[in-house]
Each structure stands twice: as C-alpha cells, then as structure tokens.
There are 2 protein chains.
Amino acid sequence: MKLVVKDMDIATGGILIAILNEVDAEKFDLHHEDRIRVKKGSRETVAVVDIAESEKAVPIGKVGLFEESLDALRAVDKDIVDIKMEKKPESVKFIKKKLEGKELTSPEILTIVEDIVKNKLTAIETTYFISASYTKGLSEKETIALTKAMIETGDVLKLERYPIFDKHCIGGVAGNRTTMVVVPILAAAGLTIPKTSSRSITSPAGTADTMEVLADVSLPLSKIKKIVEKTNGCIVWGGAVNLAPADDKIIKVENPLSIDSEGNLLASILAKKGSVSSTHVLIDIPIGRGAKIRSKKEALHLKREFEKIGKGLGMKIRTVITDGSQPIGNGIGPVLEAKDVLLVLMNSPSAPQDLRKKCLRLAEEMLVMAGKSRKIASEMLDSGKAYEKMVEIIKAQGEKCILPALLKPGKCKYDFTAAKAGRISRIDNISISKIARIAGAPIDKGAGIYLYKHKDDRVAKGEKIFTIYAENQQKLKFAVEILKEIDGIDVK
Amino acid sequence: MKLVVKDMDIATGGILIAILNEVDAEKFDLHHEDRIRVKKGSRETVAVVDIAESEKAVPIGKVGLFEESLDALRAVDKDIVDIKMEKKPESVKFIKKKLEGKELTSPEILTIVEDIVKNKLTAIETTYFISASYTKGLSEKETIALTKAMIETGDVLKLERYPIFDKHCIGGVAGNRTTMVVVPILAAAGLTIPKTSSRSITSPAGTADTMEVLADVSLPLSKIKKIVEKTNGCIVWGGAVNLAPADDKIIKVENPLSIDSEGNLLASILAKKGSVSSTHVLIDIPIGRGAKIRSKKEALHLKREFEKIGKGLGMKIRTVITDGSQPIGNGIGPVLEAKDVLLVLMNSPSAPQDLRKKCLRLAEEMLVMAGKSRKIASEMLDSGKAYEKMVEIIKAQGEKCILPALLKPGKCKYDFTAAKAGRISRIDNISISKIARIAGAPIDKGAGIYLYKHKDDRVAKGEKIFTIYAENQQKLKFAVEILKEIDGIDVK
C-alpha cells in the first residue's frame, strides 16, 4: 500500500514507530505493535505500528513517521512510501519460550540481547523478557550467556595487559566512596585497573558524580585506553562509552517496577567488568539495615552466585562481606565525598578513618588476588604515592580540582544537634541518603550531608551530629522538612 | 517548575504523556515513566514522562503535551504550566506483589483493573501484570475477583428478567456460526438471550462480522435493552458498547506475544457474560487439530475451571465438548456464513446439515438449563418460528438483508479440485482460515471459501472440493498462492 509521509516532528530515541490512521490500519489488517516494512526507492526500514484514532493526528492515506525513520529513508513530509506487513523478529519467539518456563540457549539469548540493543523490540516485548527472567529465574547457563551477550553487543576496552583488576560494590551505603582511593593505591602498586563507574540513580552520589568534581569523567574509549596505558588506572563514567549498552535498555523497563532479578543483577555487573576486559574482580557486599543486602545469609548466597558465574566467564572473583549498617566516611554528596577521598589520600588528620580503613581492606584483598603482599596497600597510601597517582590520573582525565580546601559545599546549611546526651545507636543509610538527595545531591554538586558522628559515638545535648548543605534556601527547607519526619538517627 | 507548553499535535488514545527535554528531566531528577502532575490555573492532570533527546522534539524549558492532556488542562501551545513530581499509582505496588508470586486480594485486583481502564498504567506496567498472571497463574479467588472487577469497571446491561441466557464458543473452528441460529431458536422459545459477540481478530469472520451482513451490530446499550425487551434476543457487536472495557486493553498487551493465560481467558469470557447480566451460560469447547483446544483432557480441565469460576460468580455454567476437527457449515467468511445461517433457519434443503445439527444440540442444552424440553429446539426451527424471530431481530437492529439469494459472494473465484479420487481424510481449520483471510475476509465481506465436501466424503478425480471467493483479482491471486503451499486437505 502506498501512503503519504507525515513528518511527526518527534524522535523516540528507541524503536522506530509508524502511525497509521485507524481506517487504513483496519483496511490492511494491521494492529497496534505489528511490524511494517516502509520503503522509499531503494531505502527501507522496519517500524512498529501505532494507531491514530483521529484524523488530526494522522489523516487517512498518510503514515506518521518519527525522526529516526525519516532519516533512515531520507524521506520528508509529503513523500510517498510503500508499506508491507513484516514478521516479528525471531527473538519474540524466544521471549515466549522463556515465559513458558523453558531454558533458553546461548544463541537465543544473544538474539534477544542483539534485538534489544538494536531497538528492534518494543517496550512491551522487552518487558515480557525481563518479567519472565524475574518470575522464572535465569539458570547459571542463561546468566553466563546473558552476560556474554551483553558484552558482545557493545564496545570492549582492549588492553595488552594481564591481569586486569576491577571492583564493584553492591551498594546502598551512603558515602562509601572507596573506588577513588582503591584505584590510585593499586595503580601506584603497578596493577592495572581501568575503572568505569555509574552515576547515581537513587543515591546522593555515584562514583562518577563524585569523581566529576575533580576531573572529567565523560571520555571516549580511545582516550581511556591511553590514560590506563600511561597511569595504570582511570575513574570514568561508564555511561559515556558504549560498554554493554543492553544494560541501560534493560534498566529502563526494570525501573518502573524497581525490579532486579538476581540473574539480571549478576549479568549487568559482570558485563560491565567484561567490557573493560577485567580478569580479576573484587565484589564488595555490604550488609546491614538500609544496605541493599540485609543479611549474611543473602550475602553468602550472592557470593556463591558471583563466583559461579565468574568461573563460567573465565573471571577470577573474590568477594568481601563488609559492614553496611551506617554511612562510611563523613561526607554524603559529590563535593563532600570528593573532599573525604582527597583527605584520605593526603593522609590528613581530618580524614575519615572508617573510609581509610575500608579502602585499605579492599586494596589488600586485591593485592592478594595479584599474588602480592597486603602491606603494599598501606605503603602506597602512607608514602603519598597513592595521592601522587590520583593527581596523575586527575590530570590525565582533565583536572578540575586537586585541593580539598578548594572544594566548597553548598552555601546554605542547617545543623542537626542532639536533643539529649547519649550514645548514637543507629544512623540510617536510607534516611541520610533521602535527606541529601532532597537537599539537591547529586545534581547540585555541593549539596549533601556532613556527619560529625558515627554509630557508637557519644554526644552531649545540643552537640552537632550532622550539617545539611544545599545550594539554595528552598532545597534546604525541603530537606529540613523531611529531616523532621525521618531523622534516621537514634540516640540512646 | 514552570514550563511552556508545546502542542505535539498527536493523540495517544491511552495514557497521558508529557515529553520533557533531557536537560530539564535531569535537572528535576525525572526519569522515563515517572509521573508528573501538570497544572494550569485550577485544572490539573497526571501524565507519564517521556524524554526527548533533541531540542527539535521538545526544546529546553518546554513540555510537549498530547491532545488528551491539552484537553484536560484546556491548554494551548505556548501556555505556561506548573509541573510537580507525582507518585506512581498504588496498583503498581500490587503488580509487583503478583510478580513476586503472592496472591492478590480482591480490592487489589479491582485497583489494578480500574487503573488499566482509566489509562493510569503505562504499557510496561500493564505488561508486568499480564506477564505475572501468565507465569505465576491466577488462583480461583483471583480469577473471580478479576472477572468481577472487569464487569464493575464497565457498563452493565440491566434487564428485569430471570434467567438470562448466554453462550460462548472457545473457537478455532472455521465457519461454525452457531450463535446466529441458537439465539433465534431460544428467543422464539421465550428465553432471554442478549448476545454480544466479537469481531474476528485472527479468523475469517467473527459473529459480529457475519451478523453485520444482515443487520446493524453497532448499537448503544439503551437500544440493545429495548430490542431484547421486545424480541427476547439480539446479536450485536460487544465492541460498540463499553462492556468490560478492561478486556480490550489487556488484549492489547497480550497480542504482541499471543499469550493468553487461563485465568485471563476465563475472566475475559465470563466478564462479557456478566456485563449483560447473564445467569445461565453454555460454553462450547470444540476439540481437535486446528481448534484452540487440542485434547479431551485439556477440554475437561477447562470445563472444571469454568464451572468453578462460574460458581464463584453465581452463574450457572454448562459445558459441551464438540468436534472441532474440521470447519462447520459450508461457508467461511461473512457473506458465505450469513447465507448458511439463513438457509438453516429457513429449513432449506441446501442448508449445511452439520451446522443445523450442531446448532440444535447447543439450543437443546440451553433448554435443559432452562428446565424445558429438548424437543422445543427442533420445533422452533422446523415450524419456521426461529426464522420469524431472526427476521424480527434483524428488523429491530436495522435490517440490511434477509434473503439468502441476495447475499452475493466476491465476484472473483477459484475452484479447488481433487487431484485424485478418494476419501477426504482431513480438512484443516487453520489452513482454510488462512486462505479465506488472505482472500480478504472479514474486511471484504464477500471473500472466503465455500466447501462442497466435508471429512469422510468421497470425491472423484477433478471434482470440486471448495471455491475461493475474493472481491478482487489480486487478493484471489494471493490466496491461490498460499493455497499451493498449504491446501489443508488430504484425500486418501
């Protein structure tokens, strides 16, 4: 059938869409979510049918095309195109197979992931895949295949080195900016650690948000390769490079229901590691109230799963279970955390000791994986070599700041003080994160919370426990309002 | 935040959508599929966020609104609106509960169905519900609650009568236009049977498509009520009235993967019956190759499920298991089937006897449910009272045709003849339906297939087995091409 193009003047950024008037759709027996092949001259593309009920949106005899389809066809408004029914991609059959509870083969999973990456599946089809993976679970074989497929369908950082180290924290702990200390310690010790990190989705700061206070984090893969070859390490934003791009598309359909199946969690984390060719990976699993993992039992189960899947991928995985019952470090929010990190690296007396201790522990575990002495970690830190290495990495990535004194938190602040004297029995990660986010973190880099006290510390009546920082009075006001509902701190 | 309206000049027909530029979305920490409340003066509405990556689609500082949101706000291009973050509807929590394998309560199911009907859920969220219902299954209690919720969230035909009869066929059998004979038999016998039927989705004709050849089928509920009060029955298109509207929206997300969970199937069928206040329902389950249900075991399981759910709904359900191994009647396609129906009702010698027999059987079963004699069925048919009743119903609905001689199939035709002499051992429903559809049915009312032979009939070499009818040569050519791949008929 021949139809006249209507330029809809929008882009989807995802799957191609063609809108038909309902009269034409009925005439040609086309339904919502059917595929059609649209042809103009020698150019053609496949789009998913959407149906317009009004002539205003798409008149009879016309087909509404979005930016991406127009580009693919080099078509403009009022051009004539030819439309034919097209079969659904084969991956839809495999998704149905998974929904029916059958195990998928590696080629079937690769086909699904390829179609997700190439925007060939609709949101509904991808949702069925994620939902089936969640309700039916992924087998060990399927999880390994999914991880490999996610790596293969993206770019890969190739380095002529072995071993290549990486680390990952399961998360949920406020502060806890260990990567920015561990990477320079290991790089200074001669280990290769090309670290890509994420930005925050629900926390007050991701490593990429915090590192961005000190240096550029959005770098092309070629530049990352050069930096790692020169300095042994980097701390960049994974989102700026096309590593395991399926992950973001999967997260997009997981987010509306905040679901995260174990198989997808494992695949998502390990695909990012595989994409930078990591061979040795340390997984930090913090446990405790407010952390993502609540119990030791859960942590041990996850540890075993990581090790199994890692083995299937030919990756050495070591897992540490750490205390995630309260924030780590004093600062929460990009600027405040960046300051903590620099103070630790500079061996400043005002550096948070809990953060220093945890970073040393993680670095030691990785040195053991490399067959080296644990002692090297504190040697690198105490000698200032780790700090020098951090400065080198910051300069290589594009320096923004290397002096803690120049890092200024938001100008509006509010002190939270103890209502009575006593011992702090609880500092809740979820509450602290929420207050810091409402104060503006991570978008407002200077927003967040600075903790003067940790769990088990004693406070006098009226003594400051923490300060909230914000970049404007309104956000500070919102944060203080929330604070009154959920202070997240118990004094006994 | 204040934004300037951009009129996107499209309508979704579903959930309200607001498109933000990615810069604004990031600034306000809004993600794809988040909800926002959009306010203009005293008017406000909730929309789902979509994110534009280009300034061309939606510039920074603007919000792209679709037709439905503009109407709700009485807003026009360049108006200023205020935008606030809005929580997800509560039903999303219940969908997640079902995904985790927990049983839902009746109020929880009602909330989900209400939100589906009111377009408050996105396609992704609805898909999670359908997917979880499919992989986790619905309990008896959940299926009853779903059926009730589907009835309650739509219009209901209320009649001051008892009992009210209804019938449903599980489908997959070509031809098989029993409703159009059973309804006039029962209505003539004094039973009340307000029948709503569907149009075809994948078959060459639904009852609504076929009845439309003889009378109007798109009638408002008030008119249907008057017709039934006057004639005891009707045969109308359910899609024209707002009965159990959740069903269509659920089907929209089931179609892309052609999934149909048992719980959804039961709820979908029985909700339509409940929406016309039916108290006595006959379910016809045809079994055999090509029918929806393949084995007696499956049919008996479904029978038990129907009876259980019916009991929970206070509905009397009787099930008959019938032969679905080949088409029933001679005509396949709206005009050809309508002709069969009229010939049966007129006791014509050329009426297909298999259709007559099956219709009598179904009518008898329903008379038994009414506590009446089985014999009344053939009395109504043989005496011409059923035909008179059909004429009365056709006139009441808006007559188009009542004489079989005036029903003309498509002018282009092709005869399929026996390649050798023998006995017909198989006539495949799926193949016959596919050929009839490709010939143009049900959109082209005269398109379809006329069968001269049925299973076990003997044919001479070169004797006609069936004729394909189409309304134009091109469609006939396509149908003949398909016929050569899949004739669907075995002669032994």
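Note that the structure is predicted; figures quoted are calculated from it, not measured.

Calculation rules
- Residues numbered from 1 in each chain as written.
- Chains lettered and ligands numbered in written order.
- Predicted model: local features only at pLDDT ≥ 70, side-chain atom pairs only at ≥ 80, totals over all residues.
- Heavy atoms only, no water.
- Core = buried A, V, L, I, M, F, W, Y, C linked by side-chain atoms within 4.5 Å.
- Buried < 20%, exposed > 50% of the residue type's maximum accessible area, 1.4 Å probe, protein only.
- Contact = heavy atoms within 4.5 Å.
- Buried area = accessible area lost by both parts, 1.4 Å probe.
- Salt bridge = Lys/Arg side-chain N within 4 Å of Asp/Glu carboxyl O.
- Polar contact = N/O pair within 3.5 Å; in protein donor to acceptor, adjacent residues only side chain to side chain.
- Helix = DSSP H or I, 4+ residues; strand = E, 2+ residues; numbered from the N terminus.
- Pairing = 2+ DSSP bridges.
- Least-squares fit on C-alpha atoms with pLDDT ≥ 70 in both.
- Domains from an automatic or database assignment.
- Axes fitted to C-alpha atoms, helices over the stretch in contact; angles between N-to-C directions.
- Parallel < 35°, antiparallel > 145°, perpendicular 65-115°, else oblique.
- Nonpolar A, V, L, I, M, F, W, Y, C, P; charged D, E, K, R; others polar.
- Disulfide = S-S within 2.5 Å.
- Phe/Tyr/Trp six-rings, centres within 6.5 Å; stacked < 30°, edge-to-face > 60°.
- Lys NZ or Arg CZ within 6 Å of the ring centre and 35° of its normal.
- 1 Å grid on protein atoms, 1.4 Å probe; cavity = no way out; pocket = protein on both sides within 12 Å on 5 of 7 lines; lining within 4 Å.
- Points joined across faces, edges and corners; volume = space filled by probe spheres on them.

1. Some points on the nonpolar core
One finds V113, Y128 and M150 of chain A together with V113, Y128 and M150 of chain B to be the most contacted residues of the largest nonpolar core, which totals 60 residues. Dropping the residues within four chain positions of it, M150 of chain A is found in contact with V113, A244, P245, A246, D247, A267, S268 and A271 of chain A.

2. Re the interface of chain A and chain B
Contacts between the two partners involve 43 residues from chain A, matched on the other side by 43 residues from chain B. The junction of chain A with chain B conceals about 3,800 Å² of combined surface from both sides, 61% of it contributed by carbon and sulfur atoms. By the criterion of area lost to chain B, the three top residues of chain A are Y128, P256 and L257 of chain A, representing 18% of everything that side buries. Counting every contact that joins chain A to chain B gives zero salt bridges. If you look at where chain A meets chain B, you find 13 residue pairs in polar contact (both at pLDDT 80 or more). The set of elements that each furnish at least two residues to the side of chain A that touches chain B consists of β1 (2-7), α1 (22-27), α3 (91-99), α5 (123-136) and α10 (246-254) of chain A. Of the residues forming the side of chain A that touches chain B, the biggest block, 11 residues, is contributed by α5 of chain A.

3. A look at the sheet that holds strand β14 (residues 422-427) of chain B
Sheet strands associate in pairs through backbone hydrogen bonding, adopting either a parallel or an antiparallel arrangement. Residues and elements named next belong to chain B. Taken in spatial order, the three strands of this open sheet run β16-β14-β18, and their pairing is antiparallel. Each having just a single partner strand, β16 (458-459) and β18 (489-491) make up the two edges of the open sheet. Examined bridge by bridge, β14 and β16 share two bridges and lie antiparallel to one another. Opposite G422, over in β16, you have V459 as the bridge partner.

4. Section: the relation of the copies chain A and chain B
Between chain A and chain B, the superposition needs a rotation of 180° and an axial shift of 0.0 Å, giving an RMSD of 0.0 Å. The transformation relating the two chain copies, once decomposed into turn and shift, fits a two-fold axis. Residue I124 of chain A of chain A places its C-alpha closer to the rotation axis than any other residue of that unit, at 2.9 Å. Counting the interface residues of chain A, we find that 95% of their copies in chain B are interface residues as well, pointing to one common contact surface.

5. Brief notes about the domain arrangement of chain A
In terms of domains, chain A is made up of domain 1 (2-86), domain 2 (91-137), domain 3 (165-240 + 273-404) and domain 4 (408-491). Computed from C-alpha coordinates alone, the two centres of domain 1 of chain A and domain 4 of chain A are separated by 53 Å.

6. A word on unusual backbone geometry
Residues and elements named next belong to chain A. That bond from A441 to P442 is cis: its omega, 0°, falls within 30 degrees of zero. Checked against the element boundaries, P442 lands in the loop between α17 (429-438) and β15 (448-451). Unlike most non-glycine residues, R74 shows phi in positive territory, near 50°. A relative accessible area of 60% places R74 in the exposed class. Located in the positive-phi region is D456, a residue other than glycine, with phi close to 75°. With respect to the helices, strands and loops of the structure, D456 is situated in the loop between β15 and β16 (458-459). When its relative accessible area of 46% is taken as the criterion, D456 is described as partly exposed.

7. Re the packing of helix α4 (residues 106-117) of chain A against α10 of chain A
Residues and elements named next belong to chain A. Orientation of α4 relative to α10, taken along the N-to-C sense of each, is 85°, at an axis distance of 9 Å. Judged by the inter-axis angle, α4 sits roughly perpendicular to α10. For the pair α4 and α10, contact is made by V113, I116 and V117 and by A246, K249 and I250, respectively. Of the residues that constitute the contact of α4 with α10, the class distribution is five nonpolar, no polar and one charged.

8. Digging into α17 of chain A
Residue and element names in this part refer to chain A. Counted residue by residue, α17 has seven buried out of 10 residues, so it is predominantly covered. When we look at burial in α17, the residues that qualify are N429, S431, I432, S433, I435, A436 and R437. At its buried positions, α17 is contacted by β12 (331-332), β14 (422-427), β15, β17 (464-470) and α18 (473-485).

9. Side note on the state of the cysteines
Here the structure, examined in full by the defined rule, presents zero disulfides over all chains. Counting only cysteine sulfurs, C359 of chain B is the nearest neighbor of C169 of chain B, a cysteine outside any disulfide, at a range of 11 Å.

10. Description of the packing of aromatic side chains
Scanning the entire structure with this criterion turns up four aromatic pairs over all chains. Between the aromatic rings of F416 of chain A and F466 of chain A, the centroid separation amounts to 4.8 Å while the plane-to-plane angle is 20°, which identifies the pairing as stacked. With F416 of chain A in strand β13 (residues 412-417) and F466 of chain A in strand β17, this pair connects stretches of sequence that are 50 residues apart. An identical accessibility class is assigned to F416 of chain A and F466 of chain A; each is buried. Both rings, one in Y450 of chain B and one in Y452 of chain B, keep their centres 5.4 Å apart while their planes meet at 65°; by these two values the pair is edge-to-face. The ring of W237 of chain A carries R199 of chain A above its face, with NZ or CZ at 4.2 Å from the centroid.

11. Examining the layout of surface pockets
Residue and element names in this part refer to chain B. Looking at the second largest pocket, its volume works out to about 290 Å³. The wall of the second largest pocket is formed by T322, D323, S325, Q326, P327, I328, D354, K357, K358 and R361. When contributions to the lining of the second largest pocket are tallied by element, the ones reaching two or more residues are β11 (316-323) and α14 (353-369). Sort the elements by how many residues they give to the lining of the second largest pocket and α14 lands first, with four residues. Split into classes, the residues belonging to the lining of the second largest pocket amount to two nonpolar, three polar and five charged.

12. Some words on the sheet that holds strand β10 (residues 280-287) of chain B
Residues and elements named next belong to chain B. The strand order across the open sheet formed by three strands is β7-β10-β11, and the pairing between neighbours is parallel. Across the chains shown, the open sheet's two edge strands, defined by having one partner strand only, are β7 (165-169) and β11. Averaged over all pairs of adjacent strands, the angle between strand axes in this sheet comes to 20°, irrespective of strand direction. Relative to β11, β10 is paired through eight bridges, and the arrangement is parallel. Looking across to β11, one finds that I287 is bridged to D323. Relative to β11, α14 is tilted by about 160°, and along the sheet it contacts β7, β10 and β11.

13. Notes on the pattern of salt bridges
Residue and element names in this part refer to chain A. What the rule picks out here adds up to 66 salt bridges over all chains. Of the charged contacts in the structure, one is a salt bridge between E212 and K445, with a shortest N-O distance of 2.7 Å. Of this pair, E212 sits in helix α8 (residues 207-214) while K445 is found in the loop between α17 and β15, placing the two residues 233 residues apart along the sequence.

14. Structural notes on the environment of G310 of chain A
Residue and element names in this part refer to chain A. Position of G310 relative to the elements: it lies in helix α12 (residues 296-313). G310 sits 166 residues away from I144 along the chain, and the two C-alpha atoms are 8.3 Å apart. For G310, the residues in contact, after removing those within four places along its chain, are L270, M315 and I317.

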